[in-house]
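# Residue-level structure breakdown
Take a look at the letters that make up each chain.
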Amino acid sequence: MIMKHLPSIGEILAAKRQSFRGFSLIETLVYLALLVVIAVIVVETFLSLRNVFAQARAHHLVTGAAEASLERMVFEIEDAAQVVVADSVFGSHPGSLTVSNDGVTRAFYIDSGQLRVKENGVDAGPLTPSAVTVENLIFTRYVNAHTEAVRISLTLHVEGEPVSLTKSFRTMSVLRNAYE
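All figures in this text were calculated on a predicted structure; none of them were measured in a lab. (Residues numbered from 1 in each chain as written. Predicted model: local features only at pLDDT ≥ 70, side-chain atom pairs only at ≥ 80, totals over all residues. Heavy atoms only, no water.)

## Observations regarding unusual backbone geometry
Under the convention used in this document: Working definition: helices are DSSP H or I runs of at least four residues, strands are E runs of at least two. Numbering for both runs from the N terminus.
For the peptide bond that leads from His93 to Pro94, omega is -5°, which places it in the cis range. Position of Pro94 among the secondary structure elements: in the loop between β1 (82-83) and β2 (97-101). Not every positive phi belongs to a glycine, and Asp102 is a case in point at roughly 50°. Summarising the element assignment, Asp102 is placed in the loop between β2 and β3 (104-111). One non-glycine residue, Asn120, lies in the positive phi region at around 50°. Tracing the sequence through the fold places Asn120 in the loop between β4 (114-119) and β5 (122-126).

## Here's the deal with the nonpolar core
Note the threshold: Put simply, buried Ala, Val, Leu, Ile, Met, Phe, Trp, Tyr and Cys residues joined by side-chain atoms within 4.5 Å make one nonpolar core. Burial classification: accessible surface area is computed with a 1.4 Å probe over protein chains only, and a residue below 20% of its type maximum counts as buried, one above 50% as exposed, and the rest as partly exposed. It only takes one pair of heavy atoms within 4.5 Å for two residues to be counted as in contact.
By size, the foremost hydrophobic cluster in this structure holds 29 residues, and its most contacted members are Met73, Phe139, Val150, Ile152 and Leu156. Those elements giving two or more residues to this core turn out to be α2 (25-79), β2, β4, β6 (132-143), β7 (148-159) and β8 (164-174). The dominant element in this core, judged by the number of residues it contributes, is α2, at 8 residues. With residues up to four places along the chain from it excluded, the contact list for Leu156 reads Val62, Ala65, Ala66, Thr128, Val132, Thr133, Val134, Leu165, Thr166, Lys167 and Phe169.

## Thoughts on the sheet that holds β7
Using the following cut-off: By this definition, two strands are paired if DSSP reports at least two bridges between them. Each axis is a line fitted through C-alpha atoms, taken for helices only over the stretch in contact, and angles between the N-to-C directions span 0 to 180 degrees.
Taken in spatial order, the 3 strands make up an open sheet running β6-β7-β8, and their pairing is antiparallel. Of all strands in the sheet, those bounded by a partner on one side alone are β6 and β8. Mean inter-strand twist for the sheet, computed between neighbouring axes without regard to direction, equals 10°. As paired elements, β7 and β8 share 11 bridges and run antiparallel to each other.

## Here's the deal with the sheet that holds β2
Pairing in this open sheet of 5 strands is antiparallel, and the strands run β1-β2-β3-β4-β5 from one edge to the other. A strand with exactly one partner marks an edge of an open sheet, and here the two such strands are β1 and β5. Strand direction decides the pairing type here: β3 and β4, joined by 6 bridges, are antiparallel. Bridged to Ile110 within β4 is Leu115.

## What about the packing of aromatic side chains?
Just so we agree on the cut-off: Between 30 and 60 degrees the pair is tilted, below 30 it is stacked and above 60 it is edge-to-face, where a pair is any two Phe, Tyr or Trp rings, Trp via its six-membered ring, whose centres lie within 6.5 Å. By definition here, charges over rings are those cases where NZ of Lys or CZ of Arg is within 6 Å of the ring centre and within 35 degrees of the ring normal.
Enumeration according to the criterion identifies 0 aromatic pairs in this entry. Note that Lys118 overlies the ring of Tyr109, its terminal NZ or CZ placed 5.2 Å from the centroid.

## Digging into a nonpolar patch on the surface
Let me state the cut-off plainly: Excluding any residue in a salt bridge, patches collect residues exceeding 30% relative accessible area, merging like charges within 9 Å and nonpolar Val, Leu, Ile, Met, Phe, Trp and Tyr side chains within 5 Å. In short, Shrake-Rupley with a 1.4 Å probe defines the accessible areas, and a residue's cover is counted only from the protein chains shown. Throughout this description, the term salt bridge denotes a Lys or Arg side-chain nitrogen within 4 Å of a carboxyl oxygen of Asp or Glu.
A cluster of nonpolar side chains, contributed by Phe23, Ile26, Val30, Tyr31 and Leu34, occupies part of the molecular surface with about 570 Å² of accessible area. If you trace the backbone, Leu34 turns up in helix α2.

## Points about the pattern of salt bridges
With the rule as written, the count across this model stands at 6 salt bridges. With a shortest N-O distance of 2.8 Å, Arg72 and Glu119 are connected by a salt bridge. Of this pair, Arg72 sits in helix α2 while Glu119 sits in strand β4; the two residues are 47 residues apart in sequence, bridging distant segments of the chain. A relative accessible area of 30% places Glu119 in the partly exposed class. Between Arg106 and Glu119 there is a salt bridge, with its nearest N and O atoms 3.5 Å apart. You can see Arg106 sitting in strand β3 and its partner Glu119 sitting in strand β4, a full 13 residues away along the chain.

Next comes the structure, spelled out in structure tokens:
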């Protein structure tokens, strides 16, 4: 019978010390450099995504404000019986438009950079949110023998930390009973 030699605790510890030597300085520097490169890529990606989301948020805010305010003005123009020319400013910024229907007048105007509406001379509130500034508002009135229409040119601006956005919108609306 052959007897196997059992290693002593000292021999086991010596063998473990030889198999585990650790990292050299060059290996540590290479790993550290790789870690720095990965961290820089992650930070750049995060900053890029932040700018993209901020730009999308600004675009959504400006477009939403334009849609809501233009929709309201177009509805009131199409529902109006007449444009009150004496109370309106056409062809220049800041323009204002007053329309009337069945004894109710509605005036669209700019105050402190916001598009607002008055109903029978009483402020009914803003049509644009406070974060959006009206840069340009021009109403143009078109009249002929059978038709009366109003063209609206609206430029909105939103200022954010990483981005700012300015967009222009235009639409035209014909008054009811103004066409045959």
